[in-house]
2 protein chains.
Amino acid sequence: MHPITPAMNSFIVRAIGIIHSPYLSRDDAPRQGRFSDALVTLEILPEYCEGLQDVEQEPHHIVLYWLDRSDRNKLKAIPPHTGIEHGVFATRSPDRPNPIGICIVEFVRREGNLLFVRGLDAIDGTPLLDIKPYSADLDWVQQ
Amino acid sequence: MHPITPAMNSFIVRAIGIIHSPYLSRDDAPRQGRFSDALVTLEILPEYCEGLQDVEQEPHHIVLYWLDRSDRNKLKAIPPHTGIEHGVFATRSPDRPNPIGICIVEFVRREGNLLFVRGLDAIDGTPLLDIKPYSADLDWVQQ
């Protein structure tokens, strides 16, 4: 195996938009988006709107967002449902080295640069990073 | 809705490790990890190893990685299986503004800072960003 190249160790992500949700703080947000029925708005920046063509053809999307109120220095977390400490990579804690949130959302409707979705746990004002069509063929495993 | 704050529009992601795979170029890699049976190694940087505690307890993980050989300026893509152009956010194209790859992988075994997994389509040398436990309760929708 070749050695890790330190020169390639960091990259810049840019918000493609912003998430507007009814959750004003981490305490306010549901533990996972799946447990939320709230209508959430993804506002896409004008320069990225061309990339939205045909998103309305997909019933579900994978949404990636930047958890900008997270602690990136944490390597251990205690999930609320178990109370047992694990390494962050064995948990879904928002406090992790690269705080990228992921949710499978239900597409509701599009109005220009606004996408309305359900099933997203992000706090109001969270930067949006990416939207990908969800595919049960690719993204599902039987457990 | 409050306006987008330009000051908060970019963020730095750091590689937590590197992916070693048999795929040497994009042409070499399977179209999606799900179609690959190859054993792939995730090498975690020493400073992040504490975060791996208990990862071996999860049968499947969501792996996020940085598609460092992508074209970030593309907003349209033509998926190979349809031949029809869509906005990138309606496709799984690696060429997109924030080229973050996502795969659900099968955990095989851990040897110290090395995780062996199956089902990952990343090119050899791809920077690893995050590992999260997959949960059918959270990450699956019926289609």
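Because the structure is predicted, anything quoted here is derived from the model rather than measured.

Procedures and definitions
Residues numbered from 1 in each chain as written. Chains lettered and ligands numbered in written order. Predicted model: local features only at pLDDT ≥ 70, side-chain atom pairs only at ≥ 80, totals over all residues. Heavy atoms only, no water. Least-squares fit on C-alpha atoms with pLDDT ≥ 70 in both. Contact = heavy atoms within 4.5 Å. Pairing = 2+ DSSP bridges. Helix = DSSP H or I, 4+ residues; strand = E, 2+ residues; numbered from the N terminus. Axes fitted to C-alpha atoms, helices over the stretch in contact; angles between N-to-C directions. Salt bridge = Lys/Arg side-chain N within 4 Å of Asp/Glu carboxyl O. Buried < 20%, exposed > 50% of the residue type's maximum accessible area, 1.4 Å probe, protein only. Buried area = accessible area lost by both parts, 1.4 Å probe. Polar contact = N/O pair within 3.5 Å; in protein donor to acceptor, adjacent residues only side chain to side chain.

A. Main features of the relation of the copies chain B and chain A. Superposing chain B onto chain A takes a rotation of 180° combined with a translation of 0.0 Å along the rotation axis, leaving an RMSD of 0.0 Å. The relationship between the two copies is best expressed as a two-fold rotation axis. Taking C-alpha positions as the reference, the residue of chain B nearest the rotation axis is Ile12 of chain B, at 2.3 Å. Same-surface contact between copies: 100% of interface residues of chain B are shared with the interface of chain A.

B. Layout of the sheet that holds strand β4 (residues 60-66) of chain A. All names here are of chain A. Within the closed barrel, the 6 strands sit side by side as β2-β3-β8-β7-β4-β9. Their pairing is antiparallel. Sheet twist, expressed as the mean angle between neighbouring strand axes with direction ignored, is 45°. In this sheet, strand β9 (residues 126-133) lies alongside strand β2 (residues 17-20) in antiparallel orientation, the contact comprising 3 bridges. Among the inter-strand pairings, Ile18 is bridged to a residue of β9, identified as Pro127.

C. How the structure looks around the pattern of salt bridges. For the structure on display, the rule yields 13 salt bridges over all chains. With its nearest N and O atoms 2.9 Å apart, the salt bridge here joins Arg96 of chain B to Asp130 of chain A. Pair noted here: Arg96 of chain B is in the loop between β6 (86-87) and β7 (100-111) and Asp130 of chain A is in strand β9, and the two residues belong to different chains. There is no split in this pair, since Arg96 of chain B and Asp130 of chain A are both buried.

D. Fine view of the pairing of strand β4 (residues 60-66) of chain B. Residues and elements named next belong to chain B. With respect to burial, β4 is a largely interior element, 7 of its 7 residues being buried. A two-sided burial pattern is seen for β4, the buried positions comprising His60, Ile62, Leu64 and Trp66 on one face and His61, Val63 and Tyr65 on the other. Examined bridge by bridge, β4 and β7 share 7 bridges and lie antiparallel to one another. Each residue of the ladder has a partner; that of Leu64, found in β7, is Ile102. Where β4 and strand β9 (residues 126-133) come together, 5 bridges link them in antiparallel fashion. In the strand pairing of β9, Tyr65 is matched with Leu128.

E. Geometry of the sheet that holds β4 of chain B. Overall, antiparallel pairing links the 6 strands, which are arranged β2-β3-β8-β7-β4-β9 (chain B) in a closed barrel. If you compare each strand with its neighbour and ignore which way they point, the axes differ by 45° on average.

F. View of the interface of chain B and chain A. Across the boundary between the two partners, chain B contributes 73 residues, which contact 73 residues of chain A. Together, the buried faces of chain B and chain A total about 7,100 Å²; carbon and sulfur atoms form 60% of this surface. Its largest share of buried area at the contact with chain A, chain B owes to Phe11, Phe89 and Leu138 of chain B, together 11% of the area lost on that side. Viewed at the interface, chain A and chain B are joined by 4 salt bridges.

G. Spotlight on the side chain of Ser70 of chain B. The topology assignment puts Ser70 of chain B in the loop between β4 and β5 (76-77). Of the polar contacts made by the side chain of Ser70 of chain B, one reaches the backbone oxygen of Leu67 of chain B; its length is 3.1 Å.

H. Representation of the environment of Tyr48 of chain A. Within the secondary structure, Tyr48 of chain A is located in the loop between β3 (39-44) and β4. Along the sequence, Tyr48 of chain A and Ile16 of chain A sit 32 residues apart, while their C-alpha atoms lie 6.4 Å from each other. When sequence neighbours within four positions are dropped, the list of residues in contact with Tyr48 of chain A reads Arg14, Ala15 and Ile16 of chain A together with Leu75, Phe89 and Pro97 of chain B.

None of the figures reported here should be taken as evidence of function without further support.
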